[in-house]
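# Remarks on the overall topology
What follows is the residue order along each chain.
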Amino acid sequence: MSQPKAISHFDLAPSTPGKLKPDRLSAYIHRLRFQAPLFKLTIGSALFLGLVVFLVVSCSPSAPPPPSPRRILGDSRGGSYWERRVRSSARARAHAGHVVLVTGASGFVGTHVCLHLKRRGDGVVGLDNFNDYYDVELKRARQTLLGRAGVFVVEGDINDRELMEKLFDMVAFTHVMHLAAQAGVRYAMKNPASYVHSNIAGFVNLFEVCKSANPQPAVVWASSSSVYGLNSKVPFSEKDRTDQPASLYAATKKAGEEIAHTYNHIYGLSITGLRFFTVYGPWGRPDMAYYFFTQHILQRKQIEIFEGPQHSSVSRDFTYIDDVVEGCLAALDTAKKSTGSGGTKKGSAQFRVYNLGNTSPVPVTKLVSILEKLLKVKAKKKLLPMPRNGDVKFTHANISLAQRELGYKPTTDLETGLKKFVKWYLDYHSDLRKYSS
Ligand SMILES: *[C@@H]1O[C@H](CO)[C@@H](O)[C@H](O)[C@H]1NC(C)=O
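The sections below set out a description of the structure shown in this document. Just so you know, these numbers come straight off a predicted model, no measurement behind them. (Residues numbered from 1 in each chain as written. Predicted model: local features only at pLDDT ≥ 70, side-chain atom pairs only at ≥ 80, totals over all residues.)

### What about the site of the ligand?
Just so we agree on the cut-off: Residues are counted as near a molecule or strand when the C-beta atom, derived from backbone positions, lies within 6 Å of that molecule or strand. Note on residue classes: Ala, Val, Leu, Ile, Met, Phe, Trp, Tyr, Cys and Pro are nonpolar, Asp, Glu, Lys and Arg are charged, and everything else, Gly too, is polar.
As a structural note, the neighbourhood of the ligand is formed by Pro235, Ser237, Asn398, Ser400 and Leu401. Residues that form the shell around the ligand fall into these classes: two nonpolar, three polar and no charged.

### Things to note about the environment of Lys301
In plain terms, the rule: To qualify as a helix, a DSSP run of H or I must reach at least 4 residues; to qualify as a strand, a run of E must reach at least 2; elements of each kind are numbered from the N terminus.
By the secondary structure assignment, Lys301 is in the loop between helix H11 (289-298) and strand S8 (302-307). Taking the C-alpha atoms as reference points, Lys301 and Ala379, 78 residues apart in sequence, are found 7.9 Å from one another.

### What about the pairing of strand S6 (residues 271-276)?
Note the cut-off: Backbone-placed C-beta atoms define the burial measure: a residue is buried with 20 or more other C-beta atoms within 10 Å of its own, exposed with 12 or fewer, and partly exposed in between. Think of it this way: DSSP has to see at least two bridges between two strands before they count as a pair. By convention, a crossover is right-handed whenever its connection, traced from the first strand over the helix to the second and viewed with the strands pointing away, goes clockwise.
With six of six residues buried, S6 lies mostly within the body of the structure. Burial along S6 is two-sided: the residues Ile271, Gly273 and Arg275 and Thr272, Leu274 and Phe276 are all buried. Where strand S5 (residues 218-224) lies against S6, six bridges are found, and the strand directions are parallel. Each bridged residue has a counterpart across the sheet, and for Trp221 the counterpart in S6 is Gly273. Note that the unit made of S5, helix H10 (residues 248-267) and S6 has a crossover that is right-handed. The pairing of S6 with strand S11 (residues 351-356) spans six bridges and is parallel. Bridging across to S11, Ile271 finds its partner in Phe351.

### Points about H10
Two residues of an α-helix separated by three or four positions point the same way, owing to the 3.6 residues in each turn. Which entries qualify depends on this criterion: How far a helix is expected to stretch is found by multiplying one less than its residue total by 1.5 Å. A pair of residues counts as a contact when their C-beta atoms, built from backbone coordinates, are within 7 Å of each other.
With 20 residues, H10 extends 28 Å from end C-alpha to end C-alpha; this agrees with the ideal 28 Å at 1.5 Å per step. Among the residues making up H10, those that are buried are Leu248, Tyr249, Ala250, Ala251, Thr252, Lys253, Lys254, Gly256, Ala260, Tyr263, Asn264 and Tyr267. Those residues of H10 that are buried lie in contact with helix H9 (192-212), S5, S6 and S11. Once H10 finishes, Gly268 follows within two positions and takes phi at roughly 75 degrees, a positive value.

### Observations concerning the packing of helix H13 (residues 364-375) against helix H15 (residues 414-430)
Going by this rule: The angle between two axes is taken between their N-to-C directions and runs from 0 to 180 degrees, where each axis is a line fitted to C-alpha atoms and a helix contributes only its stretch in contact. Working rule for angles: under 35 degrees goes down as roughly parallel, over 145 as roughly antiparallel, 65 to 115 as roughly perpendicular, anything else as oblique. Rotating anticlockwise by less than a right angle from the far helix to the near helix defines a left-handed crossing, while the corresponding clockwise rotation defines a right-handed one.
In contact at an axis separation of 10 Å, H13 and H15 are set at 50 degrees when each is read in the N-to-C sense. When the interaxial angle is binned, H13 and H15 end up oblique. Where H13 crosses over H15, the handedness of that crossing is right-handed. Taking contact as the criterion, the partners of Leu367, Ile370, Leu371, Leu374 and Leu375 in H13 are, on H15, Leu414, Glu415, Leu418, Lys419 and Val422. Looking at side-chain class alone, the contact of H13 with H15 contains eight nonpolar, no polar and two charged residues.

The following block contains the structure:
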């Protein structure tokens, strides 16, 4: 985890790195030219040679490589080159294709959604702040993947009003796919402010910009199955109570649903919330159990498996990424237009909430045995009672509403999905260089 720090430091480099060196060098040559008795010149030449050697050595492989020009230009926000990249990324190839701003574009779901949208001909602009909640190198690798597919990821935060307004000034987004968020249930006890920053403040800022945009985009965003909290009626239906969150993460997602309703009600924004159920797959998040179990099993490290009261199993409705992406695209395609303009509502607008799950909860012990089989390694398991810090005992989605209105139909079972994840995991971790930009 020290690598990410180095990378983010790297991004703070001035847009003209190394500028000082040539300047000093030319000043030195200038001085040489005007006060050049022979012996001074000789000493000067020796010093000059020394400087050249120093420059060569400092550029040797052991030193961090200077950022490539392409990267500097791509990252410097607001320049004409940056604007060209945003505009070109936003251009839809398909006739009447959407023009979508995807926040959290270098995140797990964000990357997959961007790739699918771009592939079918929609215009896509990504946005991501590349924070170091988990391995930034993985986010950079996803960004490389997106770049190769023609998706430009703007580096910035959804809290940055000026940046958001600039993007909407430049591009008439028809849709916003809002996936940027502070994820994780247990991390909320360590860093509660981060949840407020992204899931509340950033969320409100995004809606402020969307309601003022002309035209207003339709917004589809990622809520979470965690809003069901302590609800014990299964399977979870959209109409079930969601007023007993068990973690700050869940509470901020629930707050998001309420905030979304007010923006729909006051400003006529078309808004769809998607409650994701434990999404997994290639390019997944390292903070999720299936990912770090894989890592730890391969490293022969002990894994901790939580169990419920009386040694009952903890289950999750694991949902494969491609199925979730189908649901996201269907939500975008069926979203009606927002009705407001210039911050004023013209009529009532669409407001929807859907479960995107898999309808078949699997005990975490079963997850582990599938991984053992795929990795051909026996896991060192330690069973622990589940701590009361946010996790719920089970999740199980009723997806009949999404099925009816979005045509959502998950087709990937856990074994098939994990096989694809493990294949990706082994490939990615065996050769990270493939994705260095
Ligand atoms: C699933 O949700 C629908 C409403 O969308 C409801 O009519 C149905 O009864 C629910 N099914 C179960 C098994 O709870």
